[in-house]
Amino acid sequence: MTTVSVLIVDDQILLRQGLRKLLEIEEGITVVGDAANGVEALEFLSSASPLPDVALVDARMPLMDGITLIGRMREEYPGVPAVVLTTFDDDELIFGGLRAGARGYLLKDVPPEELVSALRRASRGETVLGGPAAQRLVAALDPVPDPGPVPVAASPLSEREEEVARLVGTGATNREVARTLFIAEGTAKNHVTSILRKLGLRDRTRLALWVRERGGA
């Protein structure tokens, strides 16, 4: 397993320390540094060799907030993807972070295993969105309904995969899918992987948009 190096950026020292301890016990994850704000983060990056694989960034911080930092990173360190980790799920932060160049947006109540998975996926260039952020994005991209009927191409998915896809389209996590359909979380994950493969999609965000386009969410 390839080791993913992480920079933690958060103004709360207890949270930084807690995240460091949480991530350091995970196989394949190493924390290479932490910073209390965007200014400190840029100072760290300016001397880091090699650069971290991904930065975990709080949205609201003094001196330089996370959105500003991510914009600077996109210009100066485009090889370091950023994932926003915050307690706020308002539209301004979600869309501001994504417009700035964030590869993901998660809330701080995300389960540890989902956080670790998100960091690994972001380091591979995938987009990772927690449930609330995915719902906001899908809603914002909801196309204007066409007054006439639009033929929908036959789906290559099984009936169960259709159910899983519709739930992903609402922003549900694997755990939420499993609970809704009364299946194991691992089974839900396998269904999502199969769906992405069949549809030729890269990640859950694109699957959610595919579902929305078909009128399934």
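Residues numbered from 1 in each chain as written. Predicted model: local features only at pLDDT ≥ 70, side-chain atom pairs only at ≥ 80, totals over all residues. Heavy atoms only, no water.

### Describing the pattern of salt bridges
Here's step 1: Evaluation of the coordinates by the stated rule reveals 14 salt bridges.
Here's step 2: The salt bridge involving glutamate 126 is made with arginine 124; its shortest N-O contact spans 3.2 Å.
Here's step 3: Taking the shortest distance from any N to any O, the salt bridge between glutamate 163 and arginine 160 comes out at 2.9 Å. Placement of the pair is glutamate 163 and arginine 160 together in helix α7 (residues 159-169), with a separation of three residues, close to one helical turn.
Here's step 4: Given a relative accessible area of 25%, glutamate 163 falls into the partly exposed group. (Salt bridge = Lys/Arg side-chain N within 4 Å of Asp/Glu carboxyl O. Helix = DSSP H or I, 4+ residues; strand = E, 2+ residues; numbered from the N terminus. Buried < 20%, exposed > 50% of the residue type's maximum accessible area, 1.4 Å probe, protein only.)

### Details of the packing of helix α1 (residues 13-24) against helix α5 (residues 112-123)
Here's step 1: Closest axis-to-axis distance for the α1/α5 pair is 11 Å, and the angle between their directions is 80 degrees. On the basis of the axis angle, α1 is roughly perpendicular to α5. Listed contacts from α5 to Leu19, Leu22 and Leu23 of α1 are Pro112, Leu115, Val116 and Leu119.
Here's step 2: In terms of residue class, the contact of α1 with α5 is built from seven nonpolar, no polar and no charged. (Axes fitted to C-alpha atoms, helices over the stretch in contact; angles between N-to-C directions. Parallel < 35°, antiparallel > 145°, perpendicular 65-115°, else oblique. Contact = heavy atoms within 4.5 Å. Nonpolar A, V, L, I, M, F, W, Y, C, P; charged D, E, K, R; others polar.)

### Section: the confidence of the model for the chain
Here's step 1: Of all residues in the chain, 85% have pLDDT values of 70 or greater, and the mean over the chain is 85.
Here's step 2: In this model, residues 141-152 is a region of pLDDT below 50 whose contacts with residues beyond four sequence positions or in other chains number four contacts. (pLDDT = per-residue confidence, 0-100.)

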